[in-house]
Amino acid sequence: MRRAALLVARTEFRRTIRAVTTERTKLLLLVLLGALMLGSVTVAGGYLLPSLGEHYAGAPGSDHVALATEAAAGGVAVAWLFLVGMSAIRAFTAAANPDEPAFLLVSTSTRNAATGIVAAEILLFAVWVLPPTILLASAFAVGTGTALSVGAAAATAALALLTAVPVGFVVGIWFRHLVTVYEPIARYRWVLFVGFWVLYFGAIATGRLDLVVSELFVALQDGPLGWLGHLLLIGVPNVPPSTTAILGAIIGTALLGSVALALGVASAGIHWFADPARFDDRPSSSDSSSRLAAALSRGFSRPTRTVTLTAIRRTRRAPIRLAYVGYPLFGAVGFVQVILETGTVPAYVAAILSLYLVWAAGALFTLNPLGDLGSALPAVVTSTLSGRRAIAGLVVAGVLVAAPIGLAGSLALGFVSPLSLEQAALLVAATVVGTVATPALATGIGTALPRFGSVNVTNSREAVMPSKAAFVTYSVAVVLPAAAAAVLYTDAAGSIADFLTMMSVWAPMPELAVTGTQLTVVAWTVLGIGLLAPPVSFLYACETFDLYTLE
């Protein structure tokens, strides 16, 4: 590598590390993700691998030798594909869109820039991959009595990274090029994104992903991708690796890595100097906005409908602002598994998904009324626009978007679930009323706990989002009254009281005696406060908007 490429690699690596370590929330999420993905595997390996090493250090049978060969070849091949996928995602979200690209591309050649970025990506992946690899290999070495497995595992991981990351960079940068430059695809990129994640989580929920991985594990054992596994076998006693496969893996790494890097440089040159797709001709959007404005003019003042239309248009132009609304859907994967196993939508799943629709209604436009104004905040708060009209416009926008979705979604859930007709009707009514109430509830919480600065949605995209305090407070304010209503409707206060009393015996505190009557009173109190909160929150937001001063 040239000196300029090394400088780019060092700069990008340090910039990424600094961006992660300076944001405590992102650092915490990465730690949790690492513990979830690697922690359990590392802990389990630390207990099992020493005994496995002792077994192979003895005299393993021919069946065990064949099993070790197949596991090493197939496992390394699948791991290589996983690294390609992760590096492709990294390239799409961050690496293919470096910080300050204009400065970078006039300071050095495209070759140096692309090579440096790929090298930085290899270092970043090595930070995640090498420590657990060495730790697991060390646990195996404790059983074998030789450190050869540690060196073999580290060499295998290094060779895999030298090929998987450049290949993933090529895949990721071309996918990014298609959805940002090629107009026929870029016009519908959000449909592609949603479809991709739906297919991905659907594959996990239905078990198709496990089936595909198992098929690849078997199919790739004897192919070129499995050759690296024989390098790993050098550290396994009494299991002879294939010298031909090891030689092929080393030569293949040099050839594939070089070709992938050359393709990455050429692809980066095409993508970085291409003009992004533009969509200036949107007559349908203008027509729909005109029809909506005409419909709103019958019942709302001009300032109110202007705020409503502006909120909807801004979100339609930059839907990335609503990324946080989809975060709770990651927990719906378990519901899909339950639905597939039972063949129907359980009643509690229908209720929880309807509650999500109610929650999303308030999170769309009204959870950060002041911060969403951005640079326009001084002009808006000093204008003649009153707080009542401004906040009402945001509430109307939330209701217009969420109420029809809530109605259709709750109707569908009530129809496919085993709820009776009366219960389904109650679910639909509660969902629709909730989608009208939660936008008003969110206004006061978002006004009291605003966020004015932008945050990184992805490594290359920023947007103004509600603060974490507003997010949590609003979620609690929605969930608690809903839980109270569920307790009262199902008459479950007595059962919950008995459970709490039973559990208090095991708690390090005096035994707690809870009665069903006490829980019923608490539930009615919480429900009453929840019903009063939306109008109070709305009035607070209006008054705060009128009295807001710039410092």
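Keep in mind that what you see is a predicted model, and the values were worked out from it rather than measured. The numbering scheme is per chain: residues are counted from 1 as the chain's sequence reads. In keeping with the model being predicted, local features are shown solely for residues with a pLDDT of at least 70 and side-chain atom pairs are shown and tallied solely at 80 or more, while totals for entire chains, interfaces and linings include all residues. By convention in this description, side-chain values take in all heavy atoms of the structure and omit both hydrogens and water.

Regarding the overall build of the chain
(1) Moving on: A run of DSSP states H or I qualifies as a helix once it reaches four residues; a run of E qualifies as a strand once it reaches two. Both are numbered from the N-terminal end. Per the secondary structure count, the chain includes 21 helices and two strands.
(2) Moving on: In terms of principal-axis extent, the alpha carbons of the chain reach across some 80 × 65 × 45 Å.
(3) Moving on: Contacts are assigned to residue pairs that have any heavy atoms within 4.5 Å of one another. Once local pairs closer than 6 in sequence are excluded, the contacts in the chain between residues at least 24 apart make up 80%.
(4) Moving on: When the accessible surface of the chain is totalled, it reaches about 29800 Å², and 70% of it is carbon and sulfur.
(5) Moving on: Taking the average place of the 30 positive charges on the side chains of the chain and the average place of its 26 negative ones, the gap between the two points comes to 15 Å. Throughout, the Shrake-Rupley method with a 1.4 Å probe supplies accessible areas, and for residues the shown protein chains are the sole cover considered. The charge count includes Lys and Arg as positive and Asp and Glu as negative, but it does not include His or the ends of the chains. In this description, the location of a charge corresponds to atom NZ of lysine, CZ of arginine, CG of aspartate or CD of glutamate.

Re empty space enclosed by the protein
(1) Moving on: Buried and open spaces are told apart on a 1 Å grid over the protein atoms alone, a cavity being a set of points where a 1.4 Å probe fits but cannot get out and a pocket being an open set with protein on both sides within 12 Å along at least five of seven lines. Residues with an atom within 4 Å of a point are the lining residues. Grid points are joined across faces, edges and corners, and a volume is the space filled by probe spheres set on the points. This model, assessed by the stated rule, comprises one cavity of 30 Å³ or more.
(2) Moving on: If you add up the space inside the largest cavity, you get close to 30 Å³.
(3) Moving on: For the largest cavity, the full set of lining residues is Arg321, Leu322, Tyr324, Leu364, Asp372, Val464 and Pro466.
(4) Moving on: Looking at the lining of the largest cavity residue by residue, the classes come out as five nonpolar, no polar and two charged. Gly is placed with the polar residues, together with every amino acid not listed as nonpolar (Ala, Val, Leu, Ile, Met, Phe, Trp, Tyr, Cys and Pro) or charged (Asp, Glu, Lys and Arg).

Describing the packing of helix H17 (residues 387–416) against helix H18 (residues 421–448)
A pair of packed helices is characterised by two quantities: the angle between their axes and the separation of those axes.
(1) Moving on: Axis definition: a line fitted to C-alpha atoms, over the contacting stretch in the case of helices. Angles run 0 to 180 degrees between N-to-C directions. Put simply, H17 and H18 touch, their axes get as near as 8 Å, and they point 160° apart. Taken together, the axes of H17 and H18 lie roughly antiparallel to each other. Relative to H18, H17 is oriented so that their crossing is right-handed. On H18, the residues touching Ile391, Val395, Gly398, Val399, Ala402, Ala403, Gly406, Leu407, Ser410, Leu411 and Gly414 of H17 are Ala424, Leu427, Val428, Thr431, Val432, Thr435, Val436, Pro439, Ala440 and Thr443.
(2) Moving on: Taken together, the residues that form the contact of H17 with H18 break down as 14 nonpolar, seven polar and no charged. Roughly parallel here means an angle under 35 degrees, roughly antiparallel means over 145, roughly perpendicular means 65 to 115, and every remaining angle is called oblique. Whether a crossing is left-handed or right-handed is set by the direction in which the near helix is turned from the far one by less than a right angle, anticlockwise for left-handed and clockwise for right-handed.

Considerations on the side chain of Ser410
(1) Moving on: Within the fold, Ser410 resides in helix H17.
(2) Moving on: A distance of 2.7 Å separates a polar atom in the side chain of Ser410 from the backbone oxygen of Gly406.
(3) Moving on: Not counting chain neighbours up to four residues away, the residues in contact with Ser410 comprise Ser354, Leu357, Leu427, Val428 and Thr431. Definition of a polar contact: a pair of N or O atoms within 3.5 Å, with one able to donate and the other able to accept a hydrogen when the atoms are protein atoms, and with sequence-neighbouring residues admitted only if both atoms are side-chain atoms.

Focus on the packing of aromatic side chains
(1) Moving on: Planes of paired rings set the category: under 30 degrees apart is stacked, over 60 is edge-to-face and the rest tilted, where pairs are Phe, Tyr or Trp rings (Trp by its six-membered ring) whose centres lie within 6.5 Å. With the rule as written, the count across this model stands at six aromatic pairs.
(2) Moving on: Centroid distance Phe92 to Phe193: 5.7 Å. Interplanar angle 75°. Geometry classified as edge-to-face. Residue Phe92 is located in helix H3 (residues 62–95), and its partner Phe193 is located in helix H8 (residues 189–206); the two are separated by 101 residues in the primary sequence.
(3) Moving on: Each residue's exposure class comes from its accessible area (1.4 Å probe, protein chains only) as a fraction of the maximum for that residue type: buried when under 20%, exposed when over 50%, partly exposed otherwise. Taking relative accessible area as the criterion, Phe193 reaches 18% and is therefore assigned buried.
(4) Moving on: Taken together, a centroid distance of 6.2 Å and an interplanar angle of 40° make the contact between Trp359 and Tyr474 tilted. Of this pair, Trp359 sits in helix H15 (residues 347–365) while Tyr474 sits in helix H19 (residues 468–490); the two residues are 115 residues apart in sequence, bridging distant segments of the chain. Tyr474 carries the same exposure label as Trp359, and that label is buried.
(5) Moving on: Here the aromatic residues Tyr356, Trp359, Phe471 and Tyr474 are joined through ring pairs into a cluster of three or more.

Examining the layout of surface pockets
(1) Moving on: Approximately 1200 Å³ is the volume found for the second largest pocket.
(2) Moving on: When grouped by side-chain class, the residues that make up the lining of the second largest pocket number 29 nonpolar, seven polar and no charged.

Examining the nonpolar core
(1) Moving on: To form a nonpolar core, buried Ala, Val, Leu, Ile, Met, Phe, Trp, Tyr and Cys residues must be joined to one another through side-chain atoms within 4.5 Å. Within the largest apolar cluster, 35 residues are counted, with the highest numbers of intra-cluster contacts made by Leu83, Ile117, Leu161, Phe169, Leu228 and Trp272.
(2) Moving on: Listing elements by their share of this core, those giving two or more residues are H3, helix H4 (101–107), helix H5 (110–144), helix H6 (148–180), helix H10 (227–232) and helix H11 (243–272).
(3) Moving on: Of all the elements, H6 adds the most residues to this core, at nine residues.
(4) Moving on: Beyond its immediate stretch of four places on either side in the chain, Leu161 contacts Leu83, Ile122, Phe125, Ala126, Val129 and Pro166.

What about a nonpolar patch on the surface?
(1) Moving on: Exposure above 30% relative accessible area and the absence of a salt bridge qualify a residue for a patch, where like charges join within 9 Å and nonpolar side chains (Val, Leu, Ile, Met, Phe, Trp, Tyr) within 5 Å. By salt bridge we mean one thing: a side-chain nitrogen of Lys or Arg within 4 Å of a carboxyl oxygen of Asp or Glu. Judged by side-chain polarity, Phe196, Trp197, Tyr200, Ile204, Leu209 and Val213 come together as a nonpolar surface patch covering roughly 500 Å² of accessible area.
(2) Moving on: Looking at the nonpolar patch, the elements that each hand over two or more residues are H8 and helix H9 (208–219).
(3) Moving on: Tallying contributions element by element places H8 first for the nonpolar patch, with four residues.
(4) Moving on: Along the chain, the position of Trp197 falls in helix H8.

Focus on the environment of Ala379
(1) Moving on: Within the fold, Ala379 resides in helix H16 (residues 377–381).
(2) Moving on: Given a relative accessible area of 53%, Ala379 falls into the exposed group.
(3) Moving on: Sequence separation of Ala379 and Ala245 is 134 residues, and the distance between their C-alpha atoms is 69 Å.

Some thoughts on the packing of H3 against H5
(1) Moving on: At a minimum axis separation of 11 Å, H3 and H5 run at an interaxial angle of 125°. The orientation of H3 with respect to H5, classified from their angle, is oblique. The handedness of the crossing between H3 and H5 is right-handed. In contact with Leu83, Met86, Ser87, Arg90 and Ala95 of H3, H5 contributes Ile117, Glu121, Leu124, Phe125 and Val129.

Some remarks on the pattern of salt bridges
(1) Moving on: Across all of its chains, the model carries two salt bridges by this definition.
(2) Moving on: In this structure, the salt-bridge partner of Arg15 is Glu12, at a minimum N-O distance of 3.5 Å. Of the two residues, Arg15 and Glu12 both sit in helix H1 (residues 3–21), three residues apart, roughly one turn of that helix.
(3) Moving on: Accessibility expressed as a relative area gives 29% for Arg15, which makes it partly exposed.

Structural notes on the environment of Leu247
(1) Moving on: For Leu247, the position within the fold is in helix H11.
(2) Moving on: With relative accessibility at 51%, the residue Leu247 sits in the exposed group.
(3) Moving on: Separated by 16 residues in sequence, Leu247 and Leu231 place their C-alpha atoms 9.0 Å apart.

Quick word on unusual backbone geometry
(1) Moving on: Located in the positive-phi region is Asn238, a residue other than glycine, with phi close to 65°.
(2) Moving on: You can call Asn238 partly exposed: its relative accessible area is 44%.
(3) Moving on: In the Ramachandran plot, Asp491 falls in the positive-phi region, its phi being about 55° despite a non-glycine side chain.
(4) Moving on: Within the secondary structure, Asp491 sits in the loop between H19 and helix H20 (493–504).

Things to note about H18
In an α-helix, one turn spans 3.6 residues; hence positions three or four apart end up facing the same way.
(1) Moving on: One less than the number of residues in a helix, times 1.5 Å, gives the span that helix is expected to have. Relative to the 40 Å expected for 28 residues at 1.5 Å per residue, H18 spans 41 Å between its end C-alpha atoms, a close match to the ideal helical length.
(2) Moving on: What the bend at a residue measures is the angle between two axes, fitted to the seven residues ending there and to the seven starting there. At Ala437, H18 shows its maximal kink, close to 30°; a proline, Pro439, follows between one and four residues later.

Bear in mind that shape data such as this cannot, by itself, settle questions of function.
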